[in-house]
Amino acid sequence: QVQLVESGGGLVQPGGSLRLSCAASGFTFSTYAMSWYRQAPGKERELVAVINRAGGSPRYADSVKGRFTISRDNAKKTVYLQMNSLKPEDTAVYYCNAQFLGLEFWGQGTQVTVSS
């Protein structure tokens, strides 16, 4: 069955870094665009970053540009989100998303908390 399993979340101080990973299985990973979304308490889920199936054309939310980097390894069926210079407002549950021709899959999410 289709699975997207996120890992790498946790508690980090402001200014710190985390690297999220999302391991995919059960579908042809290399044909899907991959994205990271996040949802903070009381807020709607928002797109953080997206990367095309070949690993190019990354796009970012304005709030994370210059601090976050999305990448993928199609051989490992994994997408990553490197998060640097973290701020308290980055605190949220981060979700991995796969999309292809109307098909869409979600992971279960991983909590990121930025606090001193």
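Described in the following lines is the structure provided in the data block. (Residues numbered from 1 in each chain as written. Predicted model: local features only at pLDDT ≥ 70, side-chain atom pairs only at ≥ 80, totals over all residues. Heavy atoms only, no water.)

### Topic: the nonpolar core
Here's step 1: By size, the foremost hydrophobic cluster in this structure holds 30 residues, and its most contacted members are L4, M34, W36, V79, L81, M83 and Y94.
Here's step 2: Counting only elements with at least two residues in this core, the list comes to β3 (18-25), β4 (33-39), β5 (46-51), β7 (68-73), β8 (78-83), β9 (92-100) and β11 (110-114).
Here's step 3: For M34, the contacting residues outside a window of four places in its chain are L4, F29, A49, V50, I51, I70, R72, V79, C96, N97 and A98. (Core = buried A, V, L, I, M, F, W, Y, C linked by side-chain atoms within 4.5 Å. Buried < 20%, exposed > 50% of the residue type's maximum accessible area, 1.4 Å probe, protein only. Helix = DSSP H or I, 4+ residues; strand = E, 2+ residues; numbered from the N terminus. Contact = heavy atoms within 4.5 Å.)

### Notes on the environment of K43
Here's step 1: Relative to the elements of secondary structure, K43 occurs in the loop between β4 and β5.
Here's step 2: For the pair K43 and A92, spaced 49 residues apart in sequence, the C-alpha to C-alpha distance is 9.5 Å.

### Regarding the state of the cysteines
Here's step 1: According to the stated counting rule, one finds one disulfide in the structure shown.
Here's step 2: What pairs with C22 in a disulfide is C96, and their sulfur atoms sit 2.1 Å apart. With the S-S dihedral at roughly -85 degrees, the linkage between C22 and C96 falls on the left-handed side. Separated by 74 residues along the polypeptide, C22 in strand β3 and C96 in strand β9 bring together distant segments of the chain. Summarising the burial analysis for this pair, C22 and C96 share the class buried. (Disulfide = S-S within 2.5 Å.)

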